[in-house]
Structures are given as structure tokens and as C-alpha cells.
Amino acid sequence: MPSRAVTAVRKKLSEALPAFMLGGAAALNKGGSNVEASSFAALADKLDYLDSADLKQVRAAYRFADEAHLGQFRASGEPYITHPIAVAGLCADWKLDAQAIQAALMHDAMEDCGITKPELIERFGAPVAELVDGLTKLDKLQFSTREEGQAESFRKMLLAMSRDVRVILIKLADRLHNMRTMDAMPANKRGRIARETLEIYAPIAHRLGLNQSYRELQELSFRHLRPWRFGAVEKAVGRARGFRRDIVDRVQKDVERAFKEAKLPVQVSGREKTVYSIYRKMREKHLSFAQVSDVFGFRLVVGTLPECYLALGVLHQLYKPMPGRFKDYIAIPKANGYQSLHTTLVSPLGTAVEFQIRTEQMHLVAEKGIAAHWLYKARGAAGTDAQALGAMWLQSLMDIHDETRDAAEFLEHVKIDLFPDSVYVFTPMSKILALPRGATPVDFAYAIHSDVGDHCIAAKVNGESVALRTELRSGDVVEVMTAPSAKPNPAWLNFVRTGRARSKIRHYLKNMEGEESQRLGEKLLAQALRAEGLQLPAGDAEGEGADAQLWTALLRWSASRNREDLMIDIGLGKKIPSIVAKRLAMLLGERGARPDALTLTAGRFVADDAQPAQGTVIIDGSEGATVQLAHCCRPIPGDEITGYLGRGEGLVVHAADCGVARRLAQRDSEQWIKVEWAEAPERSFETSVSVLVGNGKGVLAQVASAVSGAEADIVHLDMGDDRAAETTELRMLIAVRDRLHLAEVLRTLKRASTVLRVARSKG
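Read on for an overview of the structure. The shown structure was predicted, so the numbers you read here are calculated from the model rather than taken from an experiment.

A few points about the sheet that holds strand β19 (residues 727-736)
- Ordered in space as β18-β19-β17-β20, the four strands form an open sheet in which the pairing is antiparallel. Each edge of the open sheet is held by one strand with a lone partner, namely β18 (713-718) and β20 (755-761). The sheet shows a mean angle of 25° between the axes of neighbouring strands, direction not considered.
- Examined bridge by bridge, strand β17 (residues 685-694) and β20 share six bridges and lie antiparallel to one another. When the sheet's bridge partners are listed, Val689 is paired in β20 with Arg760.

Here's the deal with a positive patch on the surface
- A cluster of basic residues, Arg195, Arg226, Arg229 and Arg283, forms a positive patch at the surface.
- On the basis of relative accessibility, which here comes to 42%, the residue Arg195 falls in the partly exposed class.

Details of the packing of aromatic side chains
- Following the criterion strictly, the structure yields eight aromatic pairs and no others.
- Ring centres of Phe64 and Phe124 lie 5.4 Å apart, and the angle between their planes is 75°; on these two criteria the pair is classed as edge-to-face. With Phe64 in helix α4 (residues 52-68) and Phe124 in helix α8 (residues 117-124), the pair connects residues that are 60 residues apart, well separated along the chain.
- Residue Phe124 is classed as buried on the basis of its relative accessible area, which comes to 11%.
- On the basis of an interplanar angle of 65° and a centroid distance of 5.6 Å, the ring pair of Phe222 and Tyr276 is categorised as edge-to-face. One end of the pair, Phe222, is in helix α13 (residues 211-225); the other, Tyr276, is in helix α16 (residues 275-285), and 54 residues separate them in sequence.

Focus on the sheet that holds strand β9 (residues 456-461)
- Read from one edge of the open sheet, three strands run β10-β9-β11, paired in antiparallel fashion. With one partner strand each, in any of the chains shown, β10 (464-466) and β11 (478-482) form the two edges of the open sheet. Averaged over all pairs of adjacent strands, the angle between strand axes in this sheet comes to 35°, irrespective of strand direction.
- By the bridge criterion, five bridges tie β9 to β11 in an arrangement that is antiparallel. Along β11, the bridge assignment pairs Lys460 with Glu479.
- Of the strands in this sheet, β9, β10 and β11 are in contact with helix α22 (residues 441-448), which crosses β11 at around 80°.

Quick look at the state of the cysteines
- What the rule picks out here adds up to zero disulfides.
- This cysteine, Cys632, is not joined by any disulfide, and Cys658 carries the nearest cysteine sulfur, 3.5 Å off.
- Owing to a relative accessible area of 27%, Cys632 belongs among the partly exposed residues under this scheme.

Thoughts on the environment of Phe230
- Note on placement: Phe230 falls in helix α14 (residues 227-243).
- In this structure Phe230 comes out as buried when scored by relative accessible area, which is 8%.
- Phe230 sits 49 residues away from Tyr279 along the chain, and the two C-alpha atoms are 8.2 Å apart.
- Apart from the residues lying within four places of it in its own chain, the contact partners of Phe230 are Glu219, Phe222, Arg223 and Val275.

A few points about the environment of Thr728
- Position of Thr728 among the secondary structure elements: in strand β19.
- A sequence separation of 36 residues divides Thr728 from Leu692, and the C-alpha atoms of the two residues are 5.8 Å apart.
- Of note is the side chain of Thr728, whose polar atom sits 2.7 Å from the side chain of Asn695.

Examining the nonpolar core
- Membership of the largest hydrophobic core comes to 61 residues, with the highest contact counts inside it found for Leu105, Met106 and Leu120.
- In terms of residue count, helix α11 (residues 166-180) provides more of this core than any other element does, eight residues in total.
- Among residues more than four places away in sequence, those in contact with Leu105 are Leu43, Val58, Ala61, Tyr62, Ala65, Pro84, Ile85 and Ala88.
- Core analysis: the next-biggest nonpolar cluster, separate from the first, contains 52 residues, Ile673, Val693, Ala706 and Val758 among them.

Focus: helix α31 (residues 739-750)
- Spanning 12 residues, α31 covers 16 Å between terminal C-alpha atoms, matching the ideal 16 Å at 1.5 Å per step.
- All of the buried residues along α31 are His741, Leu742, Val745, Leu746, Thr748 and Leu749. All buried residues of α31 fall inside an arc of 160° around its axis, so they share one side. In α31, those exposed residues whose orientation departs by more than 90 degrees from the buried face are Leu740 and Lys750.
- Measuring from the backbone nitrogen of Leu740 back to the side-chain oxygen at the start of α31 gives 3.2 Å, which picks out Asp738 as the cap.

Conventions and cut-offs
- Residues numbered from 1 in each chain as written.
- Predicted model: local features only at pLDDT ≥ 70, side-chain atom pairs only at ≥ 80, totals over all residues.
- Heavy atoms only, no water.
- Pairing = 2+ DSSP bridges.
- Helix = DSSP H or I, 4+ residues; strand = E, 2+ residues; numbered from the N terminus.
- Axes fitted to C-alpha atoms, helices over the stretch in contact; angles between N-to-C directions.
- Patch = residues over 30% accessible without salt bridge, like charges linked within 9 Å, V, L, I, M, F, W, Y side chains within 5 Å.
- Areas by Shrake-Rupley, 256 points an atom, 1.4 Å probe, with all protein chains shown as cover.
- Salt bridge = Lys/Arg side-chain N within 4 Å of Asp/Glu carboxyl O.
- Lys, Arg positive; Asp, Glu negative; His and termini not counted.
- Charge placed at Lys NZ, Arg CZ, Asp CG, Glu CD.
- Buried < 20%, exposed > 50% of the residue type's maximum accessible area, 1.4 Å probe, protein only.
- Phe/Tyr/Trp six-rings, centres within 6.5 Å; stacked < 30°, edge-to-face > 60°.
- Contact = heavy atoms within 4.5 Å.
- Disulfide = S-S within 2.5 Å.
- Polar contact = N/O pair within 3.5 Å; in protein donor to acceptor, adjacent residues only side chain to side chain.
- Core = buried A, V, L, I, M, F, W, Y, C linked by side-chain atoms within 4.5 Å.
- Expected span 1.5 Å × (residues − 1).
- Arc of directions from axis to C-beta.

Nothing here speaks to function; it is geometry throughout.
Laid out in C-alpha cells, this is it:
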């Protein structure tokens, strides 16, 4: 056998050569023992599914890794090479191909040993080098904090995973072995690694259907994070195992007898809930250990899919099922591909017992998930779509990455998307979508397509209109209505649950804010420069010629990266247009440009005498997020207004007689510009109204009817807390077209019999 040959060669070399001439770990073992050679022999025994050429490549990778890690030891004192061999062994259990086994053996070579990617490409080929590179952390020295470096390294790994899923399988094997051997590490490091595993790597294993690895990662993380609690629950499970042995034995015998009588072949095995899942259930549902009913259960493996439903019938004839405790994950699989029938029955002793029914193929996918693809190939099975498991989630990672440039934000979105619990909803065309528990119609819309989400205005669930923040339940039929003019609402970020929806909304809002700020900045700078008698030069710093040189000089002076950034800063109030215009005028003057009398006259014509350099901005209601109407005074068309370029806030429009605006003007006079209403604004505007009413029946109905009769809308209503008085002051936000429309609304309200006083409220 190849493994014996490797051992024999190592033995002869150790006898013939000095220790320092042997490869890494074998040379460093005390007493000349061949622990590592035998470890690799154990790995070679697992690789019997590879052909001789592949085995030769794996041996070469082992020798390379052994030499690279020469002189390195783990915290436990073992030679470091034991870790890559163990990781490769876990990958071999999943029957991964030779390239993945090679990458597993060398996964720390680039990070810890200074091996370069070109060197790996030259010796082992580009695919292996790409796998190793995807597993390599970025240099921590590039980042200001550990968290930033960690987030960026995690993003790099996930992107590599989206291109080749073997990256995450090797990483999960690496993390699993590290968790198994973490006792030698300092307590603070154990806690940090365990928390990261519980928050990120265990949920990833679950999303990819690797349930066996998922459960073990959870158990190990819990043991290192909460050792006392882990020990207490583990002891309770051990005691319960003894107490319930008679029940378990009796149920198993009854089930086996029933299936023998039904002549239906079945494999019956006991199943015990993990310590962590019991602990989590106790915490979430506020239960004592004695109240957790499904600590033990049974798994039934049958031959074919129809036999799953026949087995269900046999069980339901044997014991009575508990109502509402049956789940068909075969007809509607979980998002990670898991399929089984779940039913909870009442045993002869009155205890609840859960049964899971599945085929052999379903069991393989349930335990190995996306790794089952290689297991199927190794077994020669065909016609399976196991390779597609997790593909939708992997694609969503790419979508989130495309819209998220900040690594920490990307990690936040991915964590949101790692919720293990799902709800299953239907489109009107009966397509099934899996969404996280708590998902809303907005999440559903973005799961269909980003354009549907961006233009979503309303939703129906099971044929009834619902609010966009409504939580969806399994089985709901969801229909989304859209409008071409609609756009994402920032308030959606308060209730969406999927990382895809959150990243799409943020990306859209950032882009819109940037575009609107840029347009406003261009307008303000052009107006300020016109007041200097000059026109805004065309082009930017990227082009050629005198204009490009001019923009380069201006950008250097303003510390902006490009023209777009400069205009966005002006639009957001971070830079004052009059100051930038004066600098630009000076640069133009150095080139020989002189103020034009006609332009200067036009600039002065639109400028206020007190603010000669600023010009006038026209407000019509279509400006977007960069122009805000101040909440302190809530101006509407017809009011005299003024504009404040708050730093980073864009343009804030105040009423001219606003007290807040007057105080700001005294403190920061340079930030004010002249603004005017357009002749025909494009939307309605909100303003505050105070209404004093006498308490009585139908008061609110009368007030609402009066506002509606004047063709206005109530946006918000506050009644205060004093309900025992004879009168109540209603503070309302109403949407009106202009001051004339507001006057009509106030007149209509005054005519209502229950209204004692009505007036507009202004700060």
C-alpha cells in the first residue's frame, strides 16, 4: 500500500541521515519516532477514492507543507504539520477532490510561512493556489483595528467561496479542528474564537446544509464560551438519559415491531438533542430542563420517497400524533436543501417523542449538505442536484458585495443573512421562496428582483392589503405592487431582515444622495461663480488641456479626489460655494479670464444684496434627500424662506421668521444662501396645526372629516396624555399644497362644532 511505502521510506531516511536533513515534523519528533509519517499514512488510507496521479500530487503537497512548517509547533506542543493533516483528513471524509486536499495541507503556508502565490501556481497549478489564497488572511498591518482586518479577511474568504465552494469547506474543516484542539490556548483567545465560530462559521455550515459540522461547532463554542452552563446541562442530559432509557427502549421496540408487521424495511436509530440546542430552547422559551420535552427522538431511514409517507402512516397508526406538530420538509425543503418528514407522537407513557423520516439520500444531504456532491460522485450516484445546494445564498453574497464597499458593513449584512430559521412563502405563480423568520413584503420584493424592491409601494398577503412592515408567515401568498416613480424609503431599514434587502436599500440611497448632492453642488457653484462674472469651466481633471489643469489645481486646493466629490461636498454643505467660486475665479484670472459684464449683471440680478456671491436656489419639492424642509418651522409654498447649508446635511430650508434659523444665522452667517419657491411645486408639503377641541363623542371623526373635506391629508396626530380634561389639544401634521390651501383647511376646521380654536404651529 502507498501508506506503508511512505512509512518505510521515512524509516530508512531516518536511519541513514542526520535529523536536521529530514522534513519538518518527522525530524523534530523526540526519539526519532515517525508520528507525522503515521499521521499522513492515516490520511492516505482515507484517500482510496483518488487515483494514483492524484495521490502523487497530494504527497507532493504534504512534503511541501511539512518543509514549510519546519520548526513550528502548536500551542499544545505538537508539530504544526499535525493540524494541516487533520484538516485534510476532514476534507477526505467529505470525499473532496485532490486539489482541495492539497489546499487543505497547505492552507497556512502563505499566511505563516512566507510562501507566495506565484510559487504555489508554479508548483501545484492555479486552482490549488487560488484555494490557498482564498483561505489566507489579509495582512493585519494594513488595518487600523483588529476588527477591520478581520472583516476584510472574512469578506475576501466569502468572495473566494462564492467562486469556489471548496474554499469554505476547507475553512470549516480548519475551524472544526481548531475548535477540537483549543484547550491549550489562553482563555481570552478561546472566548474570542468560540464567539466568532458561534456567530459566523456555525451558521455558514447550517446555510450550506452541513448539519453534522454545524452541531459540533455549536457544541464546542458553547463549551468554551460558557463552560459552567455547558457542564450543568450536559449532566442533566446524562441523568435524563438514564431515567428515560426504559421509555426509549420500549418505543424503539414498538416501532420496529410495527414496521416488521407492515413489511416495510426501515433503519431506526435514536437521536439526542445537542447540549447547546437544549440550552438555547430553555433560554428562548423560559423553560426548565424538565420542561424540554424533545430531548430524545428517533430517526427512520427508508428506501424510497413514497416509503417516507407510508412510514408516516405506520407511525400514526401506532401512536397518536400531536396536532400542529407535523412538518413536511420533503414537499417544501429547507433553504439549505434539508428534506425530511417531522412528526411528534404521544408515547404510551404520555411523553412527546419526535420522529424524523427520510431516505438514505436525504440523510446524506441532511448531514453533509453541499459536501454531499462529492460524496455522491465518490459513490457513483447520479441525477442529484446536491451541487446546487446553497447556490442562491452564494449568489446573494456577490450581490451584497457589489453594493457594499465597507468590509464591516458587508460582514453585518452577511450576519443578518445567516438566520437559521426560515419561513416559506409563495409568489402568486406558486413559486416557493425561503426567507428569514420575521421577513416582510419588502424582503420578499428584493428576493424577487432588486427592481421590484426599489419600486415597491404596497403588498397583499393572501389577497388582503397589508403594511410593508408586516411579518410574513409560512404558507403566505405574497403579491407586491410597484410604481415606476417609487423609490426605497430609508425607514425600511428599520424592519427588513435579509442582508440582500438591507444592502440594496443602502446602496440605492447612497447613490441617490450622491447624485442629488452633486447636482445641487454644480448648481450652487455655477451661481456663485456667475456672481463673480464668470462661467463654470467644462471638463474635469481627468481630461487634457487648460481646463483639466485648472480643475486639477482646484481639486488639490480643496483636497477633493475628483470633480464629483467636490460637487457632492458643496451640495452637502461641507464646502461653501462662494469660497470655492472665489478660488476658481482667481485661477481663471491667472489664465487671463476677466469678468463678463453680462454674466456679472445676471449674477447680481439673481443674488440678494446681502449675499452677492450665492445666487438663488429654486425649491419645487423634487430635490430629494439633499434638500430638507426644517422640522422646527415646516415651511410651505407661500412662506418667505432661507437656506442653510448645514455641514454634511445638505441644504436645510427654514421659514424666514424661524427662531432656530435666526440663532443659526448669528452663529454661522457664511452658510446661508437665498432660496425661493418654484411657481408650481410638484408635491404637497407638511406643516403643523394645533386644534383645541371639546371632549365628546365623534370629535376625531369630525376633525378628520373637516381636513378631508378641504382635500388635505393628516400625516400624523398627537393627542397628548391628558384625557380627563374637558378640552384636548390635537397636534396634527397635515399635507397641503401651499399657504392658500392651508388657510382653506383652517377655515373648514373652525366651522366644526367641536373645534374651539385652530392655528398653525411654528417654531
